[in-house]
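Each chain, letter by letter, is given below.
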Amino acid sequence: MQENFSLKPYNTFGVDAKAKYFAEVSTTDELKDVLSFSKTNTLPLLFLGGGSNVLLTKDFDGLVIQLNLKGISEEVLNENEILITAKAGENWHEFVMHCLDKNFGGLENLSLIPGNVGTSPMQNIGAYGTEIKDIFVSCRVLNLKTLEIALFNLKQCQFGYRDSIFKQEGKGKYVILEVSFRLTMKNHRIKTEYGAIKTELENLNIEKPTIQDVSRAVINIRQSKLPDPKQIGNAGSFFKNPTIPLTQFQELQRKFENIQGYPNGDFVKVPAGWLIEQCGWKGKQIGNVASHKLQSLVIINATGEATGKEIFDFSTEIINSVKEKFGIELEREVNII
Ligand code: FAD
Ligand code: EPU
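Undergrad: A description of the packing of helix 2 (residues 92-101) against helix 5 (residues 211-225) should follow, citing residues and the corresponding values.
TA: Across the interface, helix 2 lies against helix 5 with an axial gap of 10 Å and an inter-helix angle of 150°. Considering the angle they form, helix 2 stands roughly antiparallel to helix 5. The handedness of the crossing between helix 2 and helix 5 comes out as left-handed. Facing H93, M97 and L100 of helix 2, the residues of helix 5 in contact are I211, Q212, S215 and I219. Considered class by class, the residues forming the contact of helix 2 with helix 5 number four nonpolar, three polar and no charged.

Written out as structure tokens, the structure reads:
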């Protein structure tokens, strides 16, 4: 247990907020010990995995717990499928690479997403045509009030776009201890329809891609436009892509003929990056904070010295200008602490 502890190395924005108490736990028993300390001292709790989807807007006057539970296990389900379970503290990308080394398919489109396995159900992480809900089986959680362990299946998790029960009515009630996925051992389903994957595979001269090739293509695309948090502080997309009614989209189309949108029934998902760029934010810097020059949906700690409040205020300005120009209210994807 450490006191008055800087969280700068523990959040990918690189914000220098302090935790009143900080503990790193490697076993469920250690976790229960620190939880009992927080109960005795009535301390608010904050769990951190890789810190790649949080914005710390102030010092945290409570106990920050970094979950370092490790371990991966396998259970063959049938001749084609395997159930693979990873503990919360496993690094997500290393887990994806581990599965690809063993030729287990299903996670390849989710290569190079920062963070830990235990956090992946929080916002149903997704990229390049896959979300974890597509391969998710269950997660084991600890109920923070009763200290009982429960298993949440796919339905109970209520996954949506960047959403789950853990961001809604389950918020602050559970800590995810491990996650299980159903992956393929052969007859892999190759998904290359989304985004620039096909073009990237052509660049690599690959006609019949394997799951490893898809992973390579996704990694190349991501590296070409997303800033590496080790070099520039950021938390990926700061906002969700908004979904608006088709009628509103058609009205906007009359005014902004280049507006992009992905129709889904009576609704259309509009890329927030496009909206933000149209408002003149791409690459723009105010003080220590900027919108990334290659991806305006990503807000960066441009100087490395930004406070969480500065980043938050910058994001409010973006929300206001998108609202004013397009009448669309952007919603933050990053967890504001
Ligand atoms: P943290 O930031 O540590 O935590 C996130 C939230 O979950 C916090 O509220 C925290 O309190 C809570 N939490 C953490 N661990 C647990 C637990 N075990 N149990 C309960 N609650 C917990 N996301 C995507 O979906 N797709 C992308 O393509 C993508 N690209 C990204 C690219 C970059 C460069 C970056 C920096 C981020 C990107 N993200 C993306 C966002 C981020 O990687 C994911 O949201 C990731 O799952 C966060 O994991 P983490 O362990 O870092 O979470
Ligand atoms: N665009 C612009 N200007 C910009 C940025 C994007 O016009 O500055 C346009 C692009 O030209 C493209 C469209 O917006 O036509 C979509 O852009 P991109 O393919 O880069 O994806 P995105 O919608 O910005 C989403 C996820 C990412 C995920 C990628 C790939 C959200 C909020 N973001 O980004 O997830 O990696 O798709 O699937 O859904 C994250 O959640 O942190 C994240 C990085």
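Undergrad: Could you give me a rundown of the pairing of strand 2 (residues 18-25), with the residues and numbers involved?
TA: The sheet contact formed by strand 1 (residues 2-6) and strand 2 spans four bridges and is antiparallel. Among the inter-strand pairings, S6 is bridged to a residue of strand 2, identified as K18. Relative to strand 5 (residues 60-67), strand 2 is paired through six bridges, and the arrangement is parallel. When the sheet's bridge partners are listed, E24 is paired in strand 5 with Q66.

Undergrad: Let's hear about the sheet that holds strand 16 (residues 267-269): which residues, and what values?
TA: Strands sit in the order 14-16-15 across an open sheet of three strands; the sheet is antiparallel. What marks the edges here is a single partner per strand, and that holds for strand 14 (243-245) and strand 15 (262-264). Between one strand and the next, the sheet's axes are offset by a mean angle of 30°, whatever the strand orientation. Bridge analysis of strand 14 against strand 16 gives three bridges, and the strand direction is antiparallel. Considered in strand 16, the bridge of T243 is made with K269. Contacts between helix 6 (residues 246-255) and the sheet are confined to strand 14 and strand 16, with strand 14 contributing the most and set at about 90° to the helix.

What counts and what doesn't
Residues numbered from 1 in each chain as written. Chains lettered and ligands numbered in written order. Predicted model: local features only at pLDDT ≥ 70, side-chain atom pairs only at ≥ 80, totals over all residues. Heavy atoms only, no water. Axes fitted to C-alpha atoms, helices over the stretch in contact; angles between N-to-C directions. Helix = DSSP H or I, 4+ residues; strand = E, 2+ residues; numbered from the N terminus. Parallel < 35°, antiparallel > 145°, perpendicular 65-115°, else oblique. Left-handed = near helix turned anticlockwise from the far one by under 90°. Contact = heavy atoms within 4.5 Å. Nonpolar A, V, L, I, M, F, W, Y, C, P; charged D, E, K, R; others polar. Pairing = 2+ DSSP bridges.

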